[in-house]
Amino acid sequence: MTRAERVSRNLNRALHALFAADERAWLLGEDVADPYGGAFKVTQGLSTAYPDRVLSTPLSENGITGVAGGLALCGDTVIVEIMFGDFAGLAFDPILNLITKSVAMYGERTPMRVVIRCPVGGGRGYGATHSQSPQKHFIGIPHLALYELSPLHDAADVLSAALRRDEPAMLFEDKVLYTQRRYVDGRVDDRLAFEPRGADGNWARVHDPDATGAPTLVIAPGGVANRAIAAATRAAERGRTVEVLVPARLYPVDVDGLRDLLAGAHGVIVAEESTAGGTWGSEVAARLHAEAWPLLRGPVELVSSADRVIPSAPHLERTVLLGTEAILDRIMRLPDAVPVPRTDSSPAGPPPPAPTSAAPSGVPVDVPRLNPNDDSYVLLEWLVPDGATVEAGEPIAAVETSKAIEELAAAQAGVLRQDVAAGADCAPGAPIGRILPAAYPEPVEAAGTRTVPLARPLPPAQRRIADVVSTSHREIPVAFTAVRVDVTAALAYARRAADETGAAVGLTEVVIAAVAALHERFPALYARLTGDGLVLDAEAPSIGLTVDVGTGLFLPVIRDAAGLDLGDLADAVVALRMKALRGRLREEDMAGMNVLVALNDTPGVTVARPIIPPGVTCALSVPDVHREVVLDGDGGVRERSVADLGLAYDHRLVNGAQAGAYLAALGDALQA
C-alpha cells in the first residue's frame, strides 16, 4: 500500500492548494501565522507563502467570525480557524445572524464563501472546556452545512465540496486524527477495504469483501470512525458482519448514499462522541425513519458519550467519552434478526415495546473477547462485593486469560449483582453479573446485626506491579548511575521533527531513537541472562516504555526501534499509549523487551531510579526537564534545558565503566 500522509498534513496541503488557486482567499485565526502555525500546526507555511492574507487575530471568536462575514460579503473566500471547537459558542451570533442569513436576506442570493474550522473531541486529556464535540448545536441553521474530517476522505475534496455551495460551512476536525495517517488505495488493512459512495463520494463504506450475511451498519463520523472500525473487527471475531459508513458532510444528511445498503442490513447504529439529546445521530435516525423506513428492520440505534463533563485524567476521561467497547457492546446487543416479509406495501411501524417484569433485570456484566486464542477464561475474583453500589467505569471483576489478567469495568452506575462465583470458568460474551438501578431495594439487614466495613481489595494490576518489583529486588543486583544532560538541542530537534513529519515528536521519542541507535555499540546493555547463567545478546533493540494510566503501570514494547524513523516511532508510541489508556493492551504488546525507558517526568522530578523488569539488563529513567543558568566559554551566562538521565543496570552483565560510557554516548547523541 502507498504510504499515506498524516491527516494534519493532508489538510495543510489542501489549504495551500486553495490559497494557490484563489487569490482572494483569507485565513483568520489565533496564532495561525508562522512559526506557530496554529495550535495543531495545520496552518504551517501559509503565512510565509501568503503573508498579506494569513492573519493572526486577537482572542475573540466573535470578532474573527464577524470580520469573516464582512470579507465574504465583499466576495472573498475566508477560512476561519477556531483554536478549539469548544469556543465556537462564542461565534454563534455572527454564524446564526450574519454569515448564514446573508445568503438570502438582501433580496437576492449572495455567495458567502466561509469555512469555519473547529478542532473538536477528547482523548487528549485537555479537560472539560477543550474536549467537547459541539456539532449538534449547529444543526438546522438555514444555509449552514456541516462537514467533518475523516481518515477516509481527502481534505481537498471536502474543502472543495464545502466552497462549491457558495454558502457558509463548518468543518469539524477530531483532534485525535491529526497525527494519524489516512487510509489510501481502497484499503484499511489486510482484511477491510473501503470505497466512496453517494454524491461527491460523501460516504466512505468500510467493509470486508469476503464477509457473508446481513451486516450491521455503523454510521460513524470523524475520529469515531476508527473506534467503529476497531469494534467491527472485534465483532467479526464473534461472528458478526459489520460495515462502517463514514460521512464527509454531516448536514444536510445525505440519505440517498445509503439506500441500497439499508435493504440488506440487519440493523443500523449511529455512533458519535457528543452527548445524547438533539444530536446529529438523532437527525440521521429521523431522516432514515421518514425516508427509508420500509428498508429498515428496526429502529435506528444511537450511541453517544456519557452525559457528563469531560475530565482531564485519562482513566476518568475514558469512562465518559464514547469508545470502542461501547460501540461493540451496542453491536452485540442487536438481535440476530431474521427478515419478516411484509404483507402490504405500506411502511411498517416500529416494533412494540418489549414487556417488562416486576423486578429489573439490570445491565449485564458481559465478559468481552480478551484473547482470540482462548475459548474460556477464569473469573479470578470480584473486586467489589455482591450488592455494593458501583460507579460507571469502576473496576468490578478480574478475569484471567492464558496471557494476562484483565479488569472489567462497570458499564454504568448502580448496584452489582453477582451471578457467577469467583473461580468459575466464563466464556467470551457470557454475562457473569448484572448492574441494577441504584434505586433497586437492597436486602433488609436483620435486627440486631451490625454491618462490618468491607476492606478495599488491591487491584490485580497493582498486585502484578508489586510482584515484578519484588522479583526485581530479590533477583537482580542493581547499580545506578545518573548524569546531567543538556537537552536544549534535543528539544529543538524534536520540534523540527514534529513540524516536518506532523507526528507528536517530543523528547521521549528522541531519547528512544538514541537508545535504539546505541544498541550496536553497547550490546551488553541489551542482553539478558538466561536461567543457566548464559548471556543472550539481542538481535535488535526492542524498547519498553512506561505508561501510567492512573489505575496501573504498563510496559508496552516498541520492537526493532532502530528500523523506525522518528515520525513512525512517534506513531508507535502514541498507538501504544492509546491502547493502554483504552485498556486494549495485550500480552504480545508487552513481550520481547530488552531495554526499558522509564518516564518519570512528573513536574519537579529531577532524578528517579527505575526498576529493572526481570529479563532486562538496563532501565533508563527520563525525568522532568528543568532550566538552569550556566557560564559559557567567554565568562558570560546562558540558560539551558537539562535532564538528569539515570541508568539502573544489572551488575552481573554491566559494570560502572560501561554504564558511564553508555550515558556519555547517550548525552552526546542528545546534544548533537
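Look a little higher up for the structure.
Residues numbered from 1 in each chain as written. Predicted model: local features only at pLDDT ≥ 70, side-chain atom pairs only at ≥ 80, totals over all residues. Heavy atoms only, no water.

Topic: the environment of Gly127
Phase 1: Inspection of the secondary structure assignment puts Gly127 in the loop between strand S4 (114-120) and strand S5 (145-148).
Phase 2: Considered as a pair, Gly127 and Val309 are 182 residues apart in the sequence and their alpha carbons are 8.5 Å apart.
Phase 3: Apart from residues lying up to four places away in sequence, Gly127 is in contact with Ile310, Pro311 and Ser312. (Helix = DSSP H or I, 4+ residues; strand = E, 2+ residues; numbered from the N terminus. Contact = heavy atoms within 4.5 Å.)

Things to note about unusual backbone geometry
Phase 1: Cis geometry is found at the peptide bond from Asp34 to Pro35, where omega equals 5°.
Phase 2: Residue placement: Pro35 occurs in the loop between strand S1 (25-29) and helix H2 (46-49).
Phase 3: Along the chain, Tyr251 connects to Pro252 via a cis peptide bond; the corresponding omega equals -5°.
Phase 4: Along the chain, Pro252 falls in the loop between strand S11 (249-251) and helix H7 (259-262).
Phase 5: Of note in the backbone geometry, Lys41 takes a positive phi value of approximately 65° without being a glycine.
Phase 6: Structurally, Lys41 can be placed in the loop between S1 and H2.
Phase 7: A positive phi angle is found at His143, which is not glycine, with a value near 70°.
Phase 8: Looking at where His143 falls in the secondary structure, it is placed in the loop between S4 and S5.

Observations concerning a nonpolar patch on the surface
Phase 1: Taken together, the side chains of Leu73, Met105 and Tyr106 present a nonpolar region at the surface, about 280 Å² in accessible area.
Phase 2: Along the chain, Tyr106 turns up in the loop between helix H4 (92-99) and S4. (Patch = residues over 30% accessible without salt bridge, like charges linked within 9 Å, V, L, I, M, F, W, Y side chains within 5 Å. Areas by Shrake-Rupley, 256 points an atom, 1.4 Å probe, with all protein chains shown as cover. Salt bridge = Lys/Arg side-chain N within 4 Å of Asp/Glu carboxyl O.)

Here's the deal with empty space enclosed by the protein
Phase 1: In this structure the tally under the stated criterion is 2 cavities of 30 Å³ or more.
Phase 2: Its volume calculated, the largest cavity comes out at about 90 Å³.
Phase 3: Lining the largest cavity, in full, are Ser133, Gln135, Glu148, Asp174, Pro221, Val224, Leu250, Glu272, Glu273, Ser274 and Trp280.
Phase 4: For the lining of the largest cavity, the element with the most residues is strand S12 (residues 267-275), which contributes 3 residues.
Phase 5: By residue class, the composition of the lining of the largest cavity is 4 nonpolar, 3 polar and 4 charged.
Phase 6: Surrounding the second largest cavity, Leu262, Ala265, His266, Gly267, Val268, Leu295, Leu296, Arg297, Gly298, Pro299 and Val300 form its lining.
Phase 7: In the lining of the second largest cavity, the residues fall into 7 nonpolar, 3 polar and 1 charged. (1 Å grid on protein atoms, 1.4 Å probe; cavity = no way out; pocket = protein on both sides within 12 Å on 5 of 7 lines; lining within 4 Å. Points joined across faces, edges and corners; volume = space filled by probe spheres on them. Nonpolar A, V, L, I, M, F, W, Y, C, P; charged D, E, K, R; others polar.)

What to know about the environment of Arg249
Phase 1: Structurally, Arg249 can be placed in strand S11.
Phase 2: Residue contacts for Arg249: discarding those within four places in its chain leaves Leu146, Tyr147, Asn202 and Asp254.
Phase 3: Within the structure, the side chain of Arg249 is placed 2.8 Å from the backbone oxygen of Pro252, a separation counted as a polar contact. (Polar contact = N/O pair within 3.5 Å; in protein donor to acceptor, adjacent residues only side chain to side chain.)

Notes on the pattern of salt bridges
Phase 1: Throughout the structure, instances matching the rule amount to 34 salt bridges.
Phase 2: Residue Glu243 pairs with Arg205 through a salt bridge whose shortest N-O separation is 2.8 Å. A residue pair is termed long-range when its members are at least 10 positions apart, and Glu243 in strand S10 (residues 242-247) and Arg205 in strand S8 (residues 203-207) qualify at 38 residues. Across the pair, exposure class does not vary: Glu243 and Arg205 are buried alike.
Phase 3: In this structure, Glu291 engages Arg287 in a salt bridge whose closest nitrogen and oxygen atoms are separated by 2.8 Å. (Buried < 20%, exposed > 50% of the residue type's maximum accessible area, 1.4 Å probe, protein only.)

Comments concerning helix H14 (residues 566-581)
Phase 1: Helix length check: H14 (16 residues) gives 22 Å between terminal C-alpha atoms against 22 Å at 1.5 Å per residue, within 8%.
Phase 2: Of the residues making up H14, those classed as buried are Leu566, Gly567, Asp568, Leu569, Ala570, Val573, Leu576, Met578, Ala580 and Leu581.
Phase 3: Along its buried surface, H14 packs onto helix H9 (314-320), helix H12 (488-501), helix H13 (507-517), strand S25 (543-545), strand S26 (547-548) and strand S28 (557-558).
Phase 4: Between the side-chain oxygen at the start of H14 and the backbone nitrogen of Gly567 there is a gap of 3.1 Å, and the oxygen is on Asp565.
Phase 5: Looking at the residues trailing H14, positive phi occurs at Gly583, about 70°. (Expected span 1.5 Å × (residues − 1).)

A closer look at the packing of H13 against helix H15 (residues 656-671)
Phase 1: At their nearest, the axes of H13 and H15 sit 10 Å apart, and the two run at 130° to each other. With respect to each other, H13 and H15 are oriented oblique. Remark: the crossing between H13 and H15 carries right-handed chirality. The segment H13 lies against H15, with Val510, Val511, Ala514 and Val515 engaging Tyr662, Leu666, Ala669 and Leu670. (Axes fitted to C-alpha atoms, helices over the stretch in contact; angles between N-to-C directions. Parallel < 35°, antiparallel > 145°, perpendicular 65-115°, else oblique. Left-handed = near helix turned anticlockwise from the far one by under 90°.)

Side note on the sheet that holds strand S6 (residues 169-174)
Phase 1: The sheet built from 7 strands is open, its strands ordered S2-S1-S3-S4-S6-S5-S11 with mixed pairing. Among the strands making up the open sheet, the edge pair consists of strand S2 (54-56) and S11. Recorded for the sheet is a direction-independent mean angle of 20° between the axes of neighbouring strands.
Phase 2: In this structure, S4 lies alongside S6, joined through 6 bridges in parallel fashion. In the strand pairing of S6, Arg117 is matched with Leu171. (Pairing = 2+ DSSP bridges.)

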